[in-house]
Amino acid sequence: MPTDAPNLPPVLRPESPPRRSLTELAAHVGGRIVGAATDISVTGITLATADLRPGEAFVAIQGAVRHGAEFAGRAAETGAAAIVTDARGAELAAETGLPIVVVDDPRARLGDLSAWVYGTGREDRLPLLLGTTGTNGKTSVSHLIEGILGQLGAVTGLSSTAERHIAGEVIVSRLTTPEASEFHALLALMRERGVEAVAVEVSAQALTRHRVDGVVFDVAGFTNLTHDHLDDYRDMTEYFEAKLPLFRADRARRGVVCLDSDAGAQIVERAEIPVTTIITPAIAETPASADWTVEIIEERQNGTEFRLVGTDGRQLTTTVPVIGRHMAANAGLAIVMLLEGGYTWDELVRVLDGQRIDAHLPGRTQRVSGERGPAVYVDFGHSPDAFEKTLAAVRRVTPGTVVMVFGADGDRDKTKRHDMGATAVLGSDILIVTDHHPRFEDPDAIRATLLEGARRARPDADIRESSPPEKAIVEAVSLVGEGDAILWAGPGHQDYRDIRGVRTPYSARELARRALRDAGWPVPEPSWAVPYAD
C-alpha cells in the first residue's frame, strides 16, 4: 500500500530503466486503457507513492483498510505516467487525468507485470537464482550461499530478512521478501551490475501475497516447518500449503529439500520438480534416507565442524562460522543447492574442504562478546523451535550458567507465546523476559503471557521480568562471569524497535556490548556497521 515511510530504506531501480509502451502493457495483462488516447511509455512500476519516480506506473490495489487509488492524486503530483488498478480504483483515480489501465486483480497481476516491465521473466537472461523457504534458517542459508559464492569468486546478490546485497553494496531490508515490483527492479539492477548468482529468502507470505510471482528460481531450497505465523494462516496445514508452491514447475527448476522436519518428506512427495534430499541425523525428527547427510564432527564457540557425505561416496569437511547443529544443517543445504545450481563438486571441495565457510550471518547466534568473560550471543530466533535449537547449541559450548533474554512480537502470532516461554525456561538456567516489538499491543500483557508459559513449564526456575530491554541486558550481564553465556533472542540484526508504529533506534548488539563494557569486560571492535544512537 502507498505510505510515507521516511525511515525505511529506499527501493532500488535499474540505473538504465526500460521504456515500455502502455498499450503493450495493457495488452500483456489483458487490461483496458481508460483516459489518454495517445500512447505513452512507462519506465518502471511501484505500489507505493513514497517510492514512485517520475515516468513510472503506479499500481493501486485494495488494502485492508483503504484502496491505493485514494492516493492517485499524490501519484500524479509525483510524476506518475499512468495508473494500473481495478474498476473501483479507476473510479477513484478518474480525476487525476492520468491514463488508467483497468484489470480484474492488480495484486495478482503485479508479478507478471513487473517481470514484463523489467525484462526479468522466465525467458529473460538473469543471474542464477537460488531461493530458500522454510520456517527457520532461511536467512542463514541465504547468507551462507552468498559466502560460499564469494569463495568461488562469483559476483553475488542477496535478498534476505536482514539485508540486500548487490555486487558488494549492502542495503538494509524492509521485508523478508520484497514486493514483486521491488523484487523485479532489484533483479534488473543486479543484472546491470554483473551479478552472477543471487541468494533469495522466500517467505510463505511472499508466496501467498504474490511477491515472487513472475520469478522462476533455478534452485529452490526447503529448511523445515515449525510452529510460527499462525497469525497469517489458520493452522499448520495451511502454513505448509503456503510453502509448497515454490516447488511447482512454474516457480523453480530444481529443488533441494531438508528432511530434518517431517514436512520435508511431504514436500518431496508433492514437488513437481526434480528434488535432491539432505538430512542431519543429529537433529532430524524422524530417521530417513537422503541423498546427502550432514555429520556433526565438533561444536565450538567459534563454529561447528561437519562432514557432508553423499550416497555416491563424495564427501567434504568444513566449518560453519556459528554455533549449532542446525547451522551445520543450513550450511549443508547451501552447499547442495549450489551443486544443483551448476557449480561443480571439485570447485566446492577446492574452497571448502578443510576450510571455514567465509560468511557473515547478521544477528544469527552472533557472538558480540570478547574471548575473555561471558559469551553473549544475539539471535533473531522468535519461535519455540528456534529457541530450542539455539539454546541447546549454547548449552553444549558453555561450561557454566546459561541466561536467556527474550521478548515477543506484538500484533503477531499469539498462539506460540506460551510455548516460547516454556521452551526458553526449559533450556536455560536463568530466564529474563523483556520487550521486543510491542507494536500496538500492551507490552505488559505480552510479557505476562510469556511469563505464564514459563512458570507453568518450570515453577521452581529463576524467572525474572525486566523492562525495557536496555535494562534487561544490564541485569543479565550482572548475573554472569567467566564460562557463562547469555542468549538474547529476538532482535538479531535489527536496528529499531516498533513501538506504536514508530521505529525507535535500538541495537541489541550495541546494547550488549555496552553492558559488557560497563561491567568491566573487554569488548572487541565490532565487525558490523550499526546505525544506532542513544
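Just above sits the structure.
Comments concerning the overall build of the protein
- Scanning the protein from N- to C-terminus turns up 16 helices and 27 strands.
- The principal-axis extents of the C-alpha atoms in the protein amount to approximately 75 × 55 × 40 Å.
- Sequence-distant contacts in the protein: of pairs separated by 6 or more residues, those separated by 24 or more amount to 66%.
- Of the roughly 20,300 Å² that the protein leaves accessible, carbon and sulfur atoms contribute 47%.
- Computing the positive centroid from 56 side-chain charges and the negative centroid from 76, the protein places the two 2 Å apart.

Some points on the sheet that holds strand S16 (residues 292–300)
- An order of S11-S10-S9-S12-S8-S13-S14-S15-S16-S17-S18-S19 is seen for the 12 strands of this open sheet, with the pairing classed as mixed. Since the sheet does not close on itself, it has two edges, and those belong to strand S11 (169–172) and strand S19 (355–356), each with one partner.
- Pairing between strand S13 (residues 217–222) and strand S14 (residues 252–258): 5 bridges, direction parallel. Looking at S14, one finds that Val-219 is bridged to Arg-254.
- Against the sheet, helix H9 (residues 263–270) engages S13, S14 and strand S15 (275–279), with an angle of about 155° to S14.

Describing the side chain of Asp-213
- Position of Asp-213 among the secondary structure elements: in the loop between helix H7 (204–208) and S13.
- Given a relative accessible area of 10%, Asp-213 falls into the buried group.
- Of the polar contacts made by the side chain of Asp-213, one reaches the side chain of His-210; its length is 2.7 Å.

Regarding the pattern of salt bridges
- Within the structure shown, the criterion is met by 32 salt bridges.
- A salt bridge links Glu-452 to Arg-456; its shortest N-O distance comes to 3.4 Å. Here Glu-452 pairs with Arg-456, and both are found in helix H14 (residues 443–457), just 4 residues apart, close to one helical turn.
- Overall, Arg-456 belongs to the exposed group, its relative accessible area being 59%.
- Here the residues in one salt-bridge network are Asp-435, Asp-444, Arg-447 and Glu-465, joined through shared partners.

Re helix H13 (residues 417–427)
- Counting buried residues in H13 gives 8 out of 11 residues, a clear majority hidden from the surface.
- For H13, the full list of buried residues reads Arg-417, Met-420, Gly-421, Ala-422, Thr-423, Ala-424, Val-425 and Gly-427.
- Of the surrounding elements, those touching the buried residues of H13 are helix H12 (384–396), strand S22 (402–406), strand S23 (430–433), H14 and strand S24 (462–465).

As for the pairing of strand S10 (residues 163–166)
- Side-chain alternation along S10 places Glu-163 and His-165 on one buried face and Arg-164 and Ile-166 on a second face that is also buried.
- In this sheet, S10 lies alongside strand S9 (residues 156–159) in antiparallel orientation, the contact comprising 3 bridges. Considered in S10, the bridge of Ser-159 is made with Arg-164.
- Joining the antiparallel neighbours S9 and S10 is a turn of 3 residues.
- Note: S10 against S11, 4 bridges, orientation antiparallel.

Brief notes about the packing of aromatic side chains
- Across all of its chains, the model carries 3 aromatic pairs by this definition.
- With 6.3 Å between their ring centres and 85° between their planes, Trp-488 and Tyr-506 make a pair best called edge-to-face. With Trp-488 in strand S25 (residues 485–489) and Tyr-506 in the loop between strand S27 (502–505) and helix H16 (508–518), the pair connects residues that are 18 residues apart, well separated along the chain. The pair Trp-488 / Tyr-506 is uniform in exposure class, with both members buried.
- Looking at Arg-20, its charged tip hangs above the ring of Trp-116, at a distance of 4.7 Å from the centre.

With respect to unusual backbone geometry
- With omega at 5°, the peptide bond leading from Ser-467 into Pro-468 counts as cis.
- Assignment of secondary structure puts Pro-468 in the loop between S24 and helix H15 (469–478).
- You will see that His-210, though not glycine, has its phi angle at about 70°, which is positive.
- Assignment of secondary structure puts His-210 in the loop between H7 and S13.
- A relative accessible area of 23% means that His-210 is categorised as partly exposed.
- Although it is not a glycine, Asp-411 sits at a positive phi angle of roughly 55°.

As for the packing of H15 against H16
- Put simply, H15 and H16 touch, their axes get as near as 9 Å, and they point 45° apart. What the angle tells us is that H15 and H16 run oblique. Between H15 and H16 lies a crossing of right-handed hand. Residues Glu-470, Ile-473, Val-474 and Val-477 of H15 pack against Leu-511, Ala-512, Ala-515 and Leu-516 of H16.
- Taken together, the residues of the contact of H15 with H16 break down into 7 nonpolar, no polar and 1 charged.

Overview of the sheet that holds S22
- If you trace the 6 strands from one edge of the open sheet to the other, you get S20-S21-S25-S22-S23-S24, paired in mixed fashion. Edge positions in the open sheet fall to strand S20 (366–367) and S24, since each of these has one partner strand only.
- Relative to S25, strand S21 (residues 375–379) runs parallel, the two sharing 5 bridges. Each residue of the ladder has a partner; that of Val-376, found in S25, is Ile-486.
- Where H12 meets the sheet, its contacts fall on S21, S22 and S25, and the angle it forms with S22 comes to roughly 150°.
- Contacting S22, S23 and S24, H13 runs over the sheet at an angle of about 160° to S22.

Thresholds applied
- Throughout, residues of each chain are indexed from 1 in the direction in which the sequence is written.
- Predicted model: local features are reported for residues with pLDDT of at least 70 only, side-chain atom pairs are reported and counted for 80 or more only, and whole-chain, interface and lining totals are derived from all residues.
- Only hydrogens and water are set aside; all other atoms, that is, all heavy atoms of the structure, feed into the side-chain values.
- The helix count covers DSSP runs of H or I at least four residues long, the strand count covers runs of E at least two residues long, and both are numbered beginning at the N terminus.
- Any pair of residues with heavy atoms lying within 4.5 Å of one another is described as a contacting pair.
- Values of accessible area rely on a 1.4 Å probe in the Shrake-Rupley scheme; residue burial ignores everything except the protein chains shown.
- Charged residues are defined narrowly, with Lys and Arg counted positive, Asp and Glu counted negative, and His plus the chain ends left uncounted.
- Note on charges: their place is set at NZ of Lys, CZ of Arg, CG of Asp or CD of Glu.
- By the convention used here, strands pair only if DSSP detects at least 2 bridges between them.
- Note on definitions: angles span 0 to 180 degrees between N-to-C directions of axes, and those axes are lines fitted to C-alpha atoms, for helices only across the stretch in contact.
- A 1.4 Å probe rolled over the protein chains alone gives each residue an accessible area, and that area as a share of the maximum for its type sets the label: buried under 20%, exposed over 50%, partly exposed in between.
- Polar contacts, as used here, are pairs of N or O atoms within 3.5 Å; protein pairs need one atom able to donate a hydrogen and one able to accept it. Residues neighboring in sequence count only if both atoms are side-chain atoms.
- The term salt bridge refers to a side-chain nitrogen of Lys or Arg lying within 4 Å of a carboxyl oxygen of Asp or Glu.
- Two rings from Phe, Tyr or Trp (for Trp, the six-membered ring) form a pair when their centres are within 6.5 Å of each other. A pair whose planes differ by under 30 degrees is stacked, one over 60 is edge-to-face, and the rest are tilted.
- We call a charge positioned above a ring when the Lys NZ or Arg CZ atom is no farther than 6 Å from the ring centre and deviates by at most 35 degrees from the ring normal.
- An angle below 35 degrees is read as roughly parallel, one above 145 as roughly antiparallel, one from 65 to 115 as roughly perpendicular, and any other as oblique.
- When the near helix sits turned anticlockwise from the far one by under a right angle, the crossing is termed left-handed; a clockwise turn instead gives a right-handed crossing.
- Amino acids outside the nonpolar list (Ala, Val, Leu, Ile, Met, Phe, Trp, Tyr, Cys, Pro) and the charged list (Asp, Glu, Lys, Arg) are all regarded as polar, and Gly is one of them.

Limitation: the analysis is restricted to geometry and does not speak to function.
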